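Breakdown of the fold
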Amino acid sequence: MSHLFDHHGAPGKGYSQPAPVLPATEISVPSSLVRKQAARWPRISEPEMVRHYTWLSKRNFGIDTGFYPLGSCTMKHNPRINEVIAQLPGIADIHPHQPEHHLQGLLSIYHEMQHMLEVCAGMDQVTLQPVAGAQGEFTAVRCIQEYFRLRGEDQRTKVIVPDSAHGTNPASAAMCGFEIVEIPSRTDGRIDLDALRAVADETTAVMMITNPNTLGLFEADILEASAIVHDVGGQMYYDGANFNAILGITSPGLMGFDAVHFNLHKTFSQPHGGGGPGSGPIGVKAHLADFLPGPIVKKRPIMGDEAKHAIEDMWFGWYEPVHSIGKVQQWHGNAGAVIRCWAYYRRYGNGLKTMSEHAVLNANYLRHALHREAEKAGVSDMIVDGAETDVAKHEFTISLGPAKESHGISAMDIAKGLLDMGYMAPTVYFPLVVPECMMIEPTETESKETLDTFAEDFAKVLQVDAETLHAAPITTPVRRVDEVYAARNLCLRHPYDED
Ligand SMILES: Cc1ncc(COP(=O)(O)O)c(C=O)c1O
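Rules used throughout
Residues numbered from 1 in each chain as written. Predicted model: local features only at pLDDT ≥ 70, side-chain atom pairs only at ≥ 80, totals over all residues. Helix = DSSP H or I, 4+ residues; strand = E, 2+ residues; numbered from the N terminus. Expected span 1.5 Å × (residues − 1). Buried ≥ 20, exposed ≤ 12 C-beta atoms within 10 Å, placed from the backbone. Contact = placed C-beta atoms within 7 Å. Near = placed C-beta within 6 Å. Nonpolar A, V, L, I, M, F, W, Y, C, P; charged D, E, K, R; others polar. Pairing = 2+ DSSP bridges. Axes fitted to C-alpha atoms, helices over the stretch in contact; angles between N-to-C directions. Parallel < 35°, antiparallel > 145°, perpendicular 65-115°, else oblique. Left-handed = near helix turned anticlockwise from the far one by under 90°. Domains from an automatic or database assignment. Core = buried A, V, L, I, M, F, W, Y, C linked by C-beta atoms within 7 Å.

A rise of 1.5 Å per residue sets the reference length of helix 11 (residues 352-376), with its 25 residues, at 36 Å; its end C-alpha atoms lie 36 Å apart and thus fit the reference within 8%. Of the residues making up helix 11, those classed as buried are Met-355, Ser-356, Ala-359, Val-360, Asn-362, Ala-363, Leu-366, Arg-367, Ala-369, Leu-370, Glu-373 and Ala-374. Its buried side turned inward, helix 11 meets helix 10 (335-348), strand 11 (396-399), strand 13 (437-440) and helix 14 (448-462). Looking at the residues trailing helix 11, positive phi occurs at Gly-378, about 75°.

Written out as structure tokens, the structure reads:
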């Protein structure tokens, strides 16, 4: 047997359960829940199991197996020290229902994390509850909705998003029941203030925007955009997915934002992909703090016999905001992700600014290297920058529109060709405003050698003929799939029960 999928529920024994501690008569399982026949699970031995998972892992691609320049998803190296810290018994073995006096260490980490994020974002209060960026968006927009409801401003029914916004922005606002108003970007990819002025009015609840935007461009007019929205009584929401570019350099607070989410798993490292696992805390200005989901950690003077459990000269305790919208996640968010991200931040310390500077430097170096290598290979006319800019931020876009027109080679073809070269493909066809778009984000953790080699290999793929590229990838476990069919007909389960 090479792997578990070959083993169609064959009888046999892989593992013996320890004898039950309670006599069978005392284990009461309702008869409706008792199996009528044994489950058709594979029964295999430990070495077979290990082989299965090792086989599976070799079919996968991850940041640990190769360069992963997926724009907007920020796949940076996850230092192993994070894992060591997250596995410490004092952290890994605690149950979230334990009382505060058992949890002073964990709560102090939570408190430090909240505070660090507040300082970095220029916000007054952070909650670590949400477990993904998208959930953070939903949570923050719900807080703003509740804020307006309490002020009797129910007429604020619309949320403004630029056309370059990530899809989760309009989706989160729509889930809260808001009408979405999309405004076009200027031809240089930046926010169009006239278009914003034309739609901003007393029905505006929120404007959602990320800065640098999804083209990797800094929105230099952000203060003016904030003023336009605030002048009509609306709120500014910062999508923090691109925080990697600005940490320690500027902050959403300085740009006039009222609320922000952080994708901790992107900015501070945490293995993620395929929709998780992550952590998407949100931070808000003081006027929104009462609406946040709890529990939030607050510091207060020690009382009575708490002293014998305290680890600092203050007590860390849970607290529920008075008008909280309610919990958006069980327990205290994704504690493991928070701890790993805290470990990353602690290792960088005052160097967080350096982290962003390196992320921006790497992106700009790679952008120039791609053009340089394409030029050397005589294929520079196949790619153009996705947006005009002297300096991109932590990611950049290129358009393969010229390659499509002259050679019939699309961004998707190049992406598939890169898979055959041993790379994860960059993000394709996002943002939608760039034709045949490829969005590339190397992150701060990659070396110059890696960036140079990628640029050389990219130029090699540009030289491959169209017919070969249309058939790519040919080296991966799964060849080119019909993506629409795959998305519409998700099959995530081996059909053991069906044969
Ligand atoms: C700009 C932007 N906003 C929001 C999100 C959503 O974040 P998450 O994947 O953590 O839900 C992403 C994720 O790729 C993003 O790139």
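Moving on: the site of the ligand. For the ligand, the set of nearby residues contains 14 residues, the closest of which are Ser-72, Gly-133, Ala-134, His-166 and Ala-241. Considered class by class, the residues forming the shell around the ligand number four nonpolar, nine polar and one charged.

To continue, consider the sheet that holds strand 5 (residues 235-240). If you trace the seven strands from one edge of the open sheet to the other, you get 1-7-6-5-4-2-3, paired in mixed fashion. The strands lining the two open edges of the sheet, one partner per strand, are strand 1 (125-127) and strand 3 (179-183). Taking the axes of each pair of neighbouring strands and ignoring which way they run, one obtains an average angle of 20° across the sheet. Bridge count for strand 6 (residues 259-262) against strand 7 (residues 282-284) is three bridges, and the pairing is antiparallel.

Let us now look at unusual backbone geometry. Following Asn-211, the chain continues to Pro-212 via a peptide bond in cis, the omega torsion being 5°. Here Pro-212 shows up in the loop between strand 4 (204-209) and helix 8 (222-231). Cis geometry is found at the peptide bond from Ala-472 to Pro-473, where omega equals 0°. Examined against the element boundaries, Pro-473 turns out to sit in the loop between helix 15 (466-471) and helix 16 (483-488). In the Ramachandran plot, Thr-74 falls in the positive-phi region, its phi being about 45° despite a non-glycine side chain. The phi dihedral of Thr-443 falls on the positive side, at around 70°, and the residue is not glycine. Relative to the helices and strands, Thr-443 resides in the loop between strand 13 and helix 14.

Let us look at the packing of helix 11 against helix 14. For the pair helix 11 and helix 14, the least separation of the axes is 8 Å and the interaxial angle reads 40°. Here helix 14 runs oblique to helix 11, going by the angle between their axes. Judged by the sense of rotation from one axis to the other, the crossing of helix 11 with helix 14 is right-handed. Between helix 11 and helix 14, the contacting residues are Asn-362, Tyr-365, Leu-366, Ala-369, Leu-370, Arg-372, Glu-373, Ala-374 and Lys-376 on the first element and Leu-451, Asp-452, Ala-455, Glu-456, Phe-458, Ala-459 and Leu-462 on the second. Split by residue class, the contact of helix 11 with helix 14 holds ten nonpolar, one polar and five charged.

With burial as the criterion, each face of strand 6 is covered, one bearing Ala-259 and His-261 and the other bearing Val-260 and Phe-262. Inspection of the sheet shows strand 5 paired to strand 6 by four bridges, in the parallel sense. Its bridge partner being in strand 6, Asp-239 is matched across the sheet by His-261.

This next bit is on the domain arrangement of the chain. Entries for the chain in the domain assignment read domain 1 (81-351) and domain 2 (352-486). On a C-alpha basis, the centres of domain 1 and domain 2 stand 31 Å from each other. Every contact between the two is made by 21 residues of domain 1 and, on the other side, 21 residues of domain 2. In terms of residue class, the side of domain 1 that touches domain 2 is made up of ten nonpolar, nine polar and two charged.

Turning our attention to the nonpolar core. In terms of nonpolar packing, the biggest core is built from 118 residues, with Tyr-237 and Ala-259 touching the most fellow members. Composition of this core by domain shows at least three residues from each of domain 1 (81-351) and domain 2 (352-486). Other than its neighbours up to four places away in sequence, Tyr-237 contacts Ala-140, Val-141, Val-206, Met-207, Met-208, Phe-257 and Ala-259.

Next up on the list: the packing of helix 5 (residues 133-150) against helix 6 (residues 168-175). The geometry of helix 5 relative to helix 6 is characterised by a closest axis approach of 9 Å and an angle of 45° between their N-to-C directions. In this view, helix 5 runs oblique relative to helix 6, as classed from their interaxial angle. As helix 5 runs across helix 6, the sense of the crossing is right-handed. Of the residues in helix 6, those in contact with Gly-133, Ala-134, Glu-137, Phe-138 and Val-141 of helix 5 are Thr-168, Asn-169, Ser-172, Ala-173 and Met-175. Of the residues contributing to the contact of helix 5 with helix 6, the split by class is five nonpolar, four polar and one charged.

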